[in-house]
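Chain by chain, the residues:
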Amino acid sequence: MTIQEMPGSAAYRPSPPPAWRPRTDPAPLLPDPEPYRVLGTAAAAGIDPALMRRLYAELVRGRRYNAQATALTRQGRLAVYPSSTGQEACEVAAALVLREQDWLFPSYRDTLAAVARGLDPVQALTLLRGDWHTGHDPRESRIAPLCTPLATQLPHAVGLAHAARLKGDDVVALAMVGDGGTSEGDFHEALNFAAVWQAPVVFLVQNNGFAISVPLAKQTAAPSLAHKAVGYGMPGRLVDGNDAAAVHEVLAEAVERARRGGGPTLVEAVTYRMEAHTNADDATRYRGDAEVSAWRDHDPIALLERELTERDMLDEAGIREAREAAETMAADLRARMNADPVLDPMGLFTHVYAERTTQLREQEAQLRAELDAEEEAGTGR
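Keep in mind the model is a prediction, meaning the values are calculated, not measured.

A. Structural detail: the overall build of the protein. If you tally the helices and strands in the protein, you get 12 helices and seven strands. Over its C-alpha atoms, taken along the principal directions, the protein stretches across nearly 100 × 65 × 50 Å. Here the analysis covers contacts within the protein between residues at least 6 apart in sequence; of these, 76% occur between residues at least 24 apart. In the protein, 39 side chains carry a positive charge and 54 a negative one; their mean positions are 3 Å apart.

B. Representation of helix α11 (residues 316-337) within the structure. The terminal C-alpha atoms of α11 lie 31 Å apart, and with 22 residues this matches the ideal 32 Å at 1.5 Å per residue to within 8%. Of all the positions in α11, only Gly318, Ile319, Ala322, Ala326, Met329, Ala330, Leu333 and Met337 are classed as buried. Angular distribution of buried residues about the axis of α11 spans 110 degrees; they occupy a single face of the element. The outward face of α11, more than 90 degrees from its buried face, is lined by the exposed residues Glu316, Glu321 and Thr328.

C. Representation of a nonpolar patch on the surface. Residues Phe193, Val196 and Trp197 make up a contiguous nonpolar surface patch of roughly 300 Å² in combined accessible area. Mapping Phe193 onto the fold places it in helix α7 (residues 185-197).

D. Here's a closer look at the environment of Gly241. Mapped onto the fold, Gly241 is located in the loop between β6 (236-240) and α8 (244-259). When its relative accessible area of 0% is taken as the criterion, Gly241 is described as buried. Separated by 85 residues in sequence, Gly241 and His156 have C-alpha atoms that sit 24 Å apart. If we skip the residues at most four places from it in the chain, Gly241 touches Ala89, Cys90, Val247, Ala269, Val270 and Thr271.

E. Layout of the nonpolar core. Among the nonpolar cores identified, the biggest contains 62 residues, and Tyr56, Tyr65, Leu125, Leu174, Leu251 and Leu304 are the most heavily contacted of them. Looking at this core element by element, the count peaks at nine residues for α8. Counting 26 residues, the second-largest nonpolar core is a separate cluster that includes Leu154, Phe187, Val205 and Met234.

F. Structural detail: the pattern of salt bridges. Applying the stated criterion across every chain yields a total of 17 salt bridges. Note that Glu307 and Arg311 form a salt bridge whose closest N and O atoms lie 2.5 Å from each other. We classify Glu307 as buried; its relative accessible area is 7%. When salt bridges that share partners are traced, they join Arg99, Asp102, Asp170, Glu256 and Arg259 into one network.

G. Representation of the packing of helix α6 (residues 153-167) against α7. Between α6 and α7, the least distance of the axes is 8 Å, while the angle of their chain directions is 15 degrees. When the interaxial angle is binned, α6 and α7 end up roughly parallel. As for how α6 packs across α7, the hand of that crossing is left-handed. The segment α6 lies against α7, with Leu154, Pro155, Val158, His162 and Arg165 engaging Asp186, Phe187, Ala190, Phe193, Ala194 and Trp197. Residues of the contact of α6 with α7, tallied by class, amount to eight nonpolar, one polar and two charged.

H. Here's a closer look at the packing of helix α2 (residues 88-96) against α8. Packing of α2 against α8 brings their axes to within 9 Å, and their N-to-C directions diverge by 35 degrees. The element α2 and its partner α8 pack so that their crossing is right-handed. Facing α2, whose interface residues are Ala89, Cys90, Ala93, Ala94 and Leu96, α8 presents Ala244, Val247, His248 and Leu251. Taken together, the residues that form the contact of α2 with α8 break down as eight nonpolar, one polar and no charged.

I. Region of the structure containing the pairing of strand β7 (residues 265-270). Where burial is concerned, most of β7 is hidden: five out of the six residues are buried. Sheet topology note: the strand β3 (residues 201-207)/β7 ladder contains six bridges and is parallel. Residue Asn207 lies in a different strand from β7, and its bridge partner there is Val270. Relative to β7, β6 runs parallel, the two sharing five bridges. Across the sheet, Leu238 pairs through a bridge with Glu268, a residue of β7. The β-α-β motif built from β6, the intervening α8 and the parallel element β7 has right-handed crossover chirality.

J. Structural view of the side chain of Arg109. With respect to the helices, strands and loops of the structure, Arg109 is situated in the loop between β1 (103-105) and α3 (111-116). For the buried residue Arg109, which engages in no salt bridge, the nearest side chain bearing the opposite charge is Asp110, 6.5 Å off. A polar contact of 2.8 Å, which involves the side chain of Arg109, links it to the side chain of His277. Each residue touching Arg109, except ones within four places of it in the same chain, is listed here: Pro82, Ser83, Ser84, Gln87, Glu91, Asn208, Arg273, Ala276 and His277.

What counts and how
- Residues numbered from 1 in each chain as written.
- Predicted model: local features only at pLDDT ≥ 70, side-chain atom pairs only at ≥ 80, totals over all residues.
- Heavy atoms only, no water.
- Helix = DSSP H or I, 4+ residues; strand = E, 2+ residues; numbered from the N terminus.
- Contact = heavy atoms within 4.5 Å.
- Lys, Arg positive; Asp, Glu negative; His and termini not counted.
- Charge placed at Lys NZ, Arg CZ, Asp CG, Glu CD.
- Expected span 1.5 Å × (residues − 1).
- Buried < 20%, exposed > 50% of the residue type's maximum accessible area, 1.4 Å probe, protein only.
- Arc of directions from axis to C-beta.
- Patch = residues over 30% accessible without salt bridge, like charges linked within 9 Å, V, L, I, M, F, W, Y side chains within 5 Å.
- Areas by Shrake-Rupley, 256 points an atom, 1.4 Å probe, with all protein chains shown as cover.
- Salt bridge = Lys/Arg side-chain N within 4 Å of Asp/Glu carboxyl O.
- Core = buried A, V, L, I, M, F, W, Y, C linked by side-chain atoms within 4.5 Å.
- Axes fitted to C-alpha atoms, helices over the stretch in contact; angles between N-to-C directions.
- Parallel < 35°, antiparallel > 145°, perpendicular 65-115°, else oblique.
- Left-handed = near helix turned anticlockwise from the far one by under 90°.
- Nonpolar A, V, L, I, M, F, W, Y, C, P; charged D, E, K, R; others polar.
- Pairing = 2+ DSSP bridges.
- Right-handed = clockwise from strand over helix to strand, strands pointing away.
- Polar contact = N/O pair within 3.5 Å; in protein donor to acceptor, adjacent residues only side chain to side chain.

See the structure below:
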């Protein structure tokens with residue numbers, strides 16, 4: 001017999017304690033039913049022409065960067081490269097909305113975002129060819145190491161942003177993750193801590209349709225990934241990830257909201273990965289040519305180029321200038337990546353710990369002895 005079936009149970013109507021009551025009105029936190037767009041709408045007239053042209057130049061450069069990096073994998077100069085072709089609008093917008101003091105927390109596919117933020121193109125690829133550590137100094141660039149484990153960079157972004165807020169520093173962290181990363185526990189833990197602490201952090205989910213070969217429908221039953229925000233008490237925004245102007249506007253609003261003390265925002269950018277997951281992936285096994293072709297018609301470069309030319313903000317000379325600048329970048333990247341790096345095996349022990357452990361010192365001494373022995377054997381001494 002349950003308590004409802006016991007005699008006199010009709011009078012037993014416990015009310016929830018006050019802590020149960022909603023802490024915030026969920027309505028303002030919910031995303032729009034459709035992804036926000038600017039290009040091809042009346043809103044495009046209000047976008048700064050200089051910003052539009054800069055976005056275009058960065059998109060063209062980014063597309064060429066992806067193509068060149070992919071070619072370097074085929075030449076054996078890179079161990080692996082996860083291309084962001086088709087997602088350039090998300091990558092570029094994420095970099096351009098940040099101020100110098102802000103931090104970018106990229107995933108392994110976000111090398112282009114790092115380059116657009118100002119990181120040397122070779123340094124952005126150093127980790128992917130197995131060279132020295134992250135390839136760059138995160139403190140100098142304000143770019144965290146490219147993160148291969150899914151979503152583990154998100155709690156780090158929250159921690160840095162929360163620490164900056166406690167110190168009174170004017171810093172916002174922007175953390176990038178793919179749709180596959182939203183299935184990881186780190187994603188949910190990061191959002192929960194960020195909302196409770198009201199940390200100045202923005203989460204950008206690039207929903208490109210697949211977590212390697214797993215489609216989004218097999219990861220979540222939510223109306224959208226942006227809807228997950230309301231469960232943690234932060235706004236969710238849904239944006240067309242191939243509309244560079246729209247992504248820039250939404251992210252800029254989220255970053256400034258965080259800077260003013262308004263707390264975190266979850267932004268879902270709906271985009272598409274045109275290339276395979278990496279050079280080691282065969283995408284034809286889980287998606288068809290018709291699907292890819294349909295997304296080619298929604299190419300972020302073509303969308304922005306059409307808008308700019310129709311509004312007389314870009315002519316053939318401007319298009320040619322952007323392409324030539326991209327080719328110059330690619331040629332420099334190719335030449336520098338084709339040069340064999342000078343590697344110091346003892347660099348394995350640099351920047352692992354602030355103070356080396358006993359085990360690390362023992363391993364360092366062992367390696368040094370082996371290298372000295374090889375050198376003596378080679379010189380015949």
